[in-house]
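Take a look at the letters that make up each chain.
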Amino acid sequence: MIKLVVTDMDGTLLHDHATSVNPEYFPVIRKLREKGIYFCAASGRQYDSLRRLFDPVKDDMVYITENGTEIIYKGKTLFSMPMSMEVSRQLVLDTRAIPGAESMYCVGDTAFFEKGDINVYTLMKDEYHFKCTMVDDLLKLDQPCLKFSLLKENVDEITAQEFTPKWKKTHEVACGGKYFMDVMERGANKGTALHKVQELLGISKEETAAFGDNHNDLEMLAEAGDSYAVANAREEVKQEARFVIKSNNEDGVLWQMKHILEVSE
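Residues numbered from 1 in each chain as written. Predicted model: local features only at pLDDT ≥ 70, side-chain atom pairs only at ≥ 80, totals over all residues. Heavy atoms only, no water.

A. Focus on the nonpolar core. Among the nonpolar cores identified, the biggest contains 54 residues, and M9, L13, V21, F54 and M257 are the most heavily contacted of them. With residues near it in sequence (within four places) discarded, M9 still touches L14, V21, A41, A42, S43, L50, L53 and F54. Core analysis: the next-biggest nonpolar cluster, separate from the first, contains 23 residues, V87, L91, V92 and L141 among them. (Core = buried A, V, L, I, M, F, W, Y, C linked by side-chain atoms within 4.5 Å. Buried < 20%, exposed > 50% of the residue type's maximum accessible area, 1.4 Å probe, protein only. Contact = heavy atoms within 4.5 Å.)

B. Summary view of the pairing of strand β4 (residues 70-73). What you see with β4 is no split at all: E70 and I72 on one side and I71 and Y73 on the other are buried throughout. Following strand β3 (residues 62-65), the chain reverses through 4 residues before pairing antiparallel with β4; E66 in that reversal takes a positive phi of roughly 50°. Sheet topology note: the β4/strand β5 (residues 76-80) ladder contains 4 bridges and is antiparallel. Paired with I71 across the two strands is F79, which belongs to β5. In this structure, the hairpin formed by β4 and β5 is closed by a connection of 2 residues, where K74 is found at a positive phi of approximately 55°. (Helix = DSSP H or I, 4+ residues; strand = E, 2+ residues; numbered from the N terminus. Pairing = 2+ DSSP bridges.)

C. Looking closely at the sheet that holds strand β12 (residues 208-212). Strand order in the open sheet formed by 8 strands is β5-β4-β3-β2-β1-β12-β13-β14, and the pairing between neighbours is mixed. Edge positions in the open sheet fall to β5 and β14 (243-245), since each of these has one partner strand only. For this sheet, the mean inter-axis angle between neighbouring strands, taken without regard to orientation, is 20°. Of the pairings in the sheet, the one linking strand β1 (residues 4-7) to β12 comprises 4 bridges and is parallel in character. Of the residues in β12, the one forming a bridge with V5 is A209. (Axes fitted to C-alpha atoms, helices over the stretch in contact; angles between N-to-C directions.)

D. Examining the pattern of salt bridges more closely. On inspection of all chains with the given rule, the structure shows 16 salt bridges. Here E24 and K258 are joined by a salt bridge, their closest N and O atoms 3.1 Å apart. With a gap of 234 residues between them, E24 in the loop between β1 and α1 (25-34) and K258 in helix α10 (residues 252-264) connect regions that are remote in the sequence. Through salt bridges with shared partners, one network takes in D8, K190 and D217. (Salt bridge = Lys/Arg side-chain N within 4 Å of Asp/Glu carboxyl O.)

Next up, the structure:
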């Protein structure tokens, strides 16, 4: 029997370009919890952004934030995995060396941006509703990154020669869609965080259902007995998942959650 449902957000649970969650999810999440089944959102987003999306049920769920570098439940941080200050600053310098690339420096409760990086600042503030702070110089911050993101169109290609090969040697590097390349501490990913959640809640891999669509969901899907890729997922994600369901725009996750609820009764 499934006791934990964990899902990626952008491209998986959320519709394309959506700024809110389909309200049909909220009663399903409540009913799952009544049946003793936990619901967890696992995302590259920060906690505040996720909490706003799930406001009606915000205290009834677990949050894996910043691509697995932080776990929050009932407002309490249960797990956190920041990088060192030296690494955090070097990531800023390496991003500055790429023409047109912009930086997002995430510390959990806010995301910092440098003046001039207005595209990523506007995107995260207006579309993703992040808590955002603009500063003159990211190198003057004294708080290490949980997750660093480089923003650039066709980011896979732009970072393929130097940035990604360099940082993959020592850290977790994950493509978060067409525009974002995320860097985290070695061992920090959604799969590691999901395993930690399972330990904290006393839930096994076989009792877990996970949903995803992108590279940064692969480790999470591997930690679930029932793993699902939405129809719009990358091909390699579909190959790794046990099942392929309807797309994000068809609310594939919602329908499968309803089925999990039905079989639990």
